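# What the coordinates show
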Amino acid sequence: MDTTIQYIGEELFWGKLGNMLIILAFTSALFSSFSYIFALRTGEDSWRKIARKSFLVHTISIIGIFGVIMSLIVRHRFEYFFIWEHSNKVMPMRYILSCMWEGQEGSFLLWMFWNTVLSWVVIYKSREWESGVMINVSLVQSFLGSMLLGVVIFNHKIGNNPFILLREAPDFANLPFVQMPDYLSKLADGRGLNPLLQNYWMTIHPPTLFLGFASTVVPFAFAMAGLMRKKYTEWIEVALPYTFFSVMILGTGILMGAAWAYEALSFGGFWAWDPVENASLVPWMTLVGAAHVMLIYKARKHSLLSAYLLSIATFILVLYSTFLTRSGILGDTSVHAFTDLGMTGHLVFYILFFLALAAWFLVKNRKSIIIQHEDEKLSSREFWMFIGSLVLLIGCIQITITTSIPVINKLFGLKMAPPVDAIDHYNRWQVPVAIIICLLIGIGQFFKYKQSDSITVRKRLLIPFSLSILVTVGCAFILKVYPPQYYALFFASVFAFIANMDYMFRILKGKISFSGASIAHAGIALILLGALISNSKKQVISQNMKMVDLGKDFPNNENIMVEQRTDTLPMGEYWVVYKGKELVGVNTLYTIEYYNLNRSTGIKEKQFELKPIIQINARMGNVAEPATKHFLSKDIYTHLTYYVPEDKEGASGDWQAPKTHTVSVGDTFMLSNSMVIVQGLNKNIDKNALQLTDADIAVGAQLLIEDINKNTYNAEPLFIIHDMQVYSKEALVDTLGVKFSFGKIDPATGKLDLAVAEKKANKKEFIIMKAIIFPGINILWMGCILMILGSFIAIRQRIKSATTKPVS
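Throughout this description, residue numbers start from 1 for each chain and increase along the sequence as written. Only residues with pLDDT of at least 70 are given local features in this predicted model, and only at 80 or more are side-chain atom pairs given and counted; all residues enter the totals for whole chains, interfaces and linings. Side-chain measures here rest on the full set of heavy atoms in the structure, leaving out hydrogens and waters.

## Notes on empty space enclosed by the protein
Short version of the rule: Definitions used for this entry: grid spacing 1 Å over protein atoms alone; cavity, a set of points where a 1.4 Å probe fits but cannot get out; pocket, an open set with protein on both sides within 12 Å along at least 5 of 7 lines; lining residue, one with an atom within 4 Å of a point. Grid points are joined across faces, edges and corners, and a volume is the space filled by probe spheres set on the points. Only DSSP runs of H or I covering at least 4 residues are called helices, and only runs of E covering at least 2 are called strands; the numbering of each starts at the N terminus. Polar here means any residue outside two lists: the nonpolar Ala, Val, Leu, Ile, Met, Phe, Trp, Tyr, Cys and Pro, and the charged Asp, Glu, Lys and Arg; Gly therefore counts as polar.
According to the stated counting rule, one finds 3 cavities of 30 Å³ or more in the structure shown. Roughly 90 Å³ of internal volume is contained in the largest cavity. Residue lining of the largest cavity: N278, A279, V282, P283, L317, Y320, S321, L324, I399, T400, T403 and S404, and that is the complete set. Listed by contribution, the elements that provide at least two residues to the lining of the largest cavity are helix 10 (275-300), helix 11 (304-326) and helix 14 (381-403). Grouping the amino acids of the lining of the largest cavity by side-chain chemistry returns 7 nonpolar, 5 polar and no charged. The calculated volume of the second largest cavity comes to roughly 50 Å³. What lines the second largest cavity is P195, L196, A264, L265, Q615, V623, A624 and E625. Looking at which element gives the most residues to the lining of the second largest cavity, the answer is strand 10 (residues 623-625), with 3 residues. Here the lining of the second largest cavity is built from residues that sort into 6 nonpolar, 1 polar and 1 charged.

Spelled out as structure tokens, the structure:
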């Protein structure tokens, strides 16, 4: 890059300010950590005051970085690569915040912001625990801050800087246009936010999820502080409210992600066992285990080592999930993962540092935390709570091993393949885990700590157990044929819900303030019950009844083709009409009307309409977004699997503009009135007939075309290289009004570019759509609300109980 060029229009001040704030954030966090170390070792308040002031500088720096980036996004300062990459001028303003955390730099900044918020709560609430806890939190902030440095030390990249200039970014540095002083005037717009992320869930889901990730540092830091201060047990009482807050908020973030996937993505469900989904679920499961063994210790002074291990493991697993999603290692197995931006080594060091630090303190203090106690009795609450935590841990191990297959392959040079059917694979392992957990949360609260009277427990469990059997047997007439393991999970989840409601009203006398655990457990039971029913009994009602094969990409038993206005087609209990489409901003809304047949009058009566969306994005490709009709007992989920693209420039005379299809031999693609199958390549072309020499190349694409009446036609467009020039000889199927041109072949991949032009008279507006009924889905959403509400009540009660007695 020629540094003597005087670039026109760049605002470099903001980049310099942002870089200064990044350096200040990193160094102040590091200095704060060291100051807290001296405060802990010396007990001098002066060091603690210095550490606080340094952390205040760090907090102001984080807010400042956030403000600078937001200002640059709002003002479309595309001279900065981060701004160009994640925003543009046509994007609605409501997605401005989403631009911040679409990229790695912004999501790390969001994580740091939440850590600072939680840190100030700890500083003002934790009294003598402040120094020990903040040593660890400040160290975490130092590592996160280093993710924004973007410097190279000994040929190793440290972080990615959000203020790097576009002309200095690796993808642009050698392009001719950035050598021009006025290159900004030629940069019409930014690349923009990924269409999949232009949804209101993107505005609220990541901040909630990252607050959940950030909150896991607090139990970890308290556990580490307990080891540092040799107060091996006292930390649990103080950390409990923070731990349950983390359980609630991380669980909420995960559930928001499921709701986003269900409402805005087109894979037809709310959970796909995607590796990135798994990477957030596993820390939550260990966190739940940690919270429960901490309760065991508080009540019975047992399971101290487990409380340490699970609190530390949760934070380490959050770091590991960060590695999985940001190292690029999941690029081929997850649609959610970031690409590799050269931070793999940095992320690995981040994990190993805190893993080694925690291991060193645990080993050093092992004699004080491994305490022998008498075994818990089978009739004690703590026994069943510990079994529950153990079952959760087993479930975590299975998920982690399968999710980590790309990592295992990389480490050991293996070629293990991930499960072909991921959902079936995980369900086979996790359904038994869910059954056991439901049974345990159903019976657990009826036991007392230390020891319970078995006869009393059995009597109390008799009513919920009997009701659960009756409900299961009654629903069997609706569920009909059902795998045994699903019936077992159905019973277990119903039992967990009824038992917790029974405990709340019969044992706790309906006292809401003491019922947080019962409400949260009932919510988890409903989540599992709703997931079971809606997934196992979902029904694809879109089946193509026309005498035309839609091709392997659109199976006839799952997709229906509907022509605009001319078709009224049966679909399940409904009849559907494709009314038309309208453009609203960057979205094209396709109106689909659903009718029911009034059997007494024989007239089809309109029930509702849905408007699935195609979001138009020339740079990243168009994206389909489903539309859902919500009923009390079910949802009808509808999304487009194919639509007729808008005409582009290139149309002439009687012909529409040609559309290029990149295909391989054996592929099938749709035209307005027919289906095309690429049967093979013909290399034995008569060159003499084409007046070609032996040195020339001619290849034909052998195409079979089938119309809606099952009539077949053959066409063979030619790809020709003559005198080092590329030509294409078109093939016309006049009866169908279609002509083909063979414009390119890639010898490495075998991919062909076939340009297809159709006569304007052919054009028919139609869609291919998929519709699914999800029965009982509202049970799941009701469970989400109860789980969050119950967790909130439990946290509130923990805080109240903690403030009624002095902290030791």
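Read on, since the account is not over.
## Quick look at the nonpolar core
Here is the rule we go by: Think of a nonpolar core as a cluster: buried Ala, Val, Leu, Ile, Met, Phe, Trp, Tyr and Cys residues, connected wherever their side-chain atoms sit within 4.5 Å. Think of it in three bands: with a 1.4 Å probe and only protein chains considered, a residue is buried below 20% of the maximum accessible area for its type, exposed above 50%, and partly exposed in between.
Formed by 176 residues in total, the largest nonpolar core has its most connected members in I69, F222, W235, W284, Y308 and F354. If you tally residues by element for this core, the top one is helix 9 (residues 234-264), at 19 residues. Core analysis: the next-biggest nonpolar cluster, separate from the first, contains 22 residues, M571, Y578, I592 and A627 among them.

## Re the sheet that holds strand 22 (residues 752-758)
So the rule is basically this: Here, strands pair whenever DSSP counts at least two bridges between them. The axes are straight lines fitted to the C-alpha atoms, using for helices just the contacting stretch, and the angles between their N-to-C directions are given from 0 to 180°.
On the basis of which strands lie adjacent, the open sheet formed by 4 strands has the order 13-22-21-20 and antiparallel pairing. Because the sheet does not close on itself, it has two edges, and the strands there are strand 13 (659-663) and strand 20 (731-733). On average, each strand axis in the sheet is inclined to that of its neighbour by 25°, with strand direction left out of account.

## A short note on the pairing of strand 19 (residues 725-729)
Examined bridge by bridge, strand 18 (residues 718-722) and strand 19 share 5 bridges and lie antiparallel to one another. Counterpart to L718 in the pairing with strand 19 is K729. In sequence, strand 18 turns back onto strand 19 through a hairpin of 2 residues, with D723 there showing a positive phi of about 55°.

## Re the packing of helix 10 against helix 14
Rule in force here: Here the word oblique covers every angle except those under 35 degrees (roughly parallel), over 145 (roughly antiparallel) and from 65 to 115 (roughly perpendicular). Throughout, a crossing is termed right-handed when the near helix is turned clockwise from the far one, and left-handed when it is turned anticlockwise from it by less than a right angle.
Axis separation between helix 10 and helix 14 bottoms out at 9 Å; the angle between their running directions is 160°. Taken together, the axes of helix 10 and helix 14 lie roughly antiparallel to each other. Helix 10 and helix 14 meet at a crossing whose hand is left-handed. Looking at the contact of helix 10 with helix 14 residue by residue, the class counts come to 13 nonpolar, 8 polar and 2 charged.

## Some thoughts on helix 8 (residues 217-229)
Each full turn of the α-helix corresponds to 3.6 residues, which orients residues three or four apart in the same direction. The criterion, for reference: Given a helix with a known number of residues, its expected span is that number minus one, times 1.5 Å.
For helix 8, built from 13 residues, the straight-helix expectation of 18 Å at 1.5 Å per residue is met to within 8% by its first-to-last C-alpha distance of 18 Å. Taken across its 13 residues, helix 8 has 11 buried, putting it largely inside the fold. Within helix 8 the residues assigned to the buried category are V217, V218, P219, F220, A221, F222, A223, M224, A225, G226 and L227. One or two residues past the end of helix 8 sits K230, with phi positive at roughly 60°.

## Quick look at the domain arrangement of the chain
As a reminder of what qualifies: Where each domain begins and ends is defined by an automated method or by a domain database.
For the chain, the assigned domains are domain 1 (1-193), domain 2 (201-418), domain 3 (447-537 + 776-808), domain 4 (560-644 + 765-775) and domain 5 (659-759). Taken over C-alpha atoms, the centre of domain 3 sits 62 Å from the centre of domain 5.

## Quick word on unusual backbone geometry
Positive phi, close to 55°, is recorded for W273, a residue that is not glycine. Along the chain, W273 turns up in the loop between helix 9 and helix 10. Positive phi, close to 65°, is recorded for S303, a residue that is not glycine. The topology assignment puts S303 in the loop between helix 10 and helix 11. For S303, a relative accessible area of 15% puts it in the buried group.

## What about a nonpolar patch on the surface?
Which entries qualify depends on this criterion: Patches draw on residues past 30% relative accessible area with no salt bridge. Two like charges within 9 Å are joined, as are two nonpolar side chains (Val, Leu, Ile, Met, Phe, Trp, Tyr) within 5 Å. Every accessible area reported is derived by Shrake-Rupley at a probe size of 1.4 Å, with residue values counting cover from the shown protein chains alone. Each salt bridge in this description consists of a side-chain nitrogen of Lys or Arg and a carboxyl oxygen of Asp or Glu lying within 4 Å of one another.
On the surface, a nonpolar cluster with roughly 430 Å² of combined accessible area is contributed by L390, L393, I394, I397 and I401. Tracing the sequence through the fold places L393 in helix 14. Taking relative accessible area as the criterion, L393 reaches 33% and is therefore assigned partly exposed.

## Describing helix 6 (residues 130-146)
The first and last C-alpha atoms of helix 6 sit 24 Å apart over 17 residues, in line with the 24 Å expected at 1.5 Å per residue. Of all 17 residues that make up helix 6, 17 are buried, and the element is covered over most of its length.

## Things to note about the environment of Y713
Stated precisely, the cut-off is as follows: Note on contacts: a residue pair is in contact if any heavy atoms of the two residues lie within 4.5 Å. N or O atoms closer than or at 3.5 Å make up a polar contact, with two conditions inside protein: a donor-capable atom paired with an acceptor-capable one, and, for residues adjacent in sequence, both atoms drawn from side chains.
As for its position among the elements, Y713 is in strand 17 (residues 712-715). Between the C-alpha atoms of Y713 and V676, which are 37 residues apart in sequence, the distance is 9.4 Å. Here Y713 is in contact with L703, L704, I705, D707, V733, T735 and L736, once residues within four sequence places are set aside. A polar contact of 3.4 Å, which involves the side chain of Y713, links it to the side chain of D707.

## Section: the pattern of salt bridges
Taken as a whole, this structure holds 24 salt bridges when the rule is applied. Ionic pairing is found between R300 and E382, a salt bridge with its closest N-O pair at 2.7 Å. Taken together, the residues R300 in helix 10 and E382 in helix 14 connect sequence positions 82 residues apart. Like R300, the residue E382 is buried in the burial classification. Residue K611 is joined to E582 by a salt bridge in which the shortest nitrogen-to-oxygen separation is 3.3 Å. You can see K611 sitting in the loop between strand 8 (603-610) and strand 9 (613-615) and its partner E582 sitting in strand 6 (residues 574-584), a full 29 residues away along the chain. Residues participating in the shared-partner salt-bridge network are K579, E582, E593, K606, E609 and K611.

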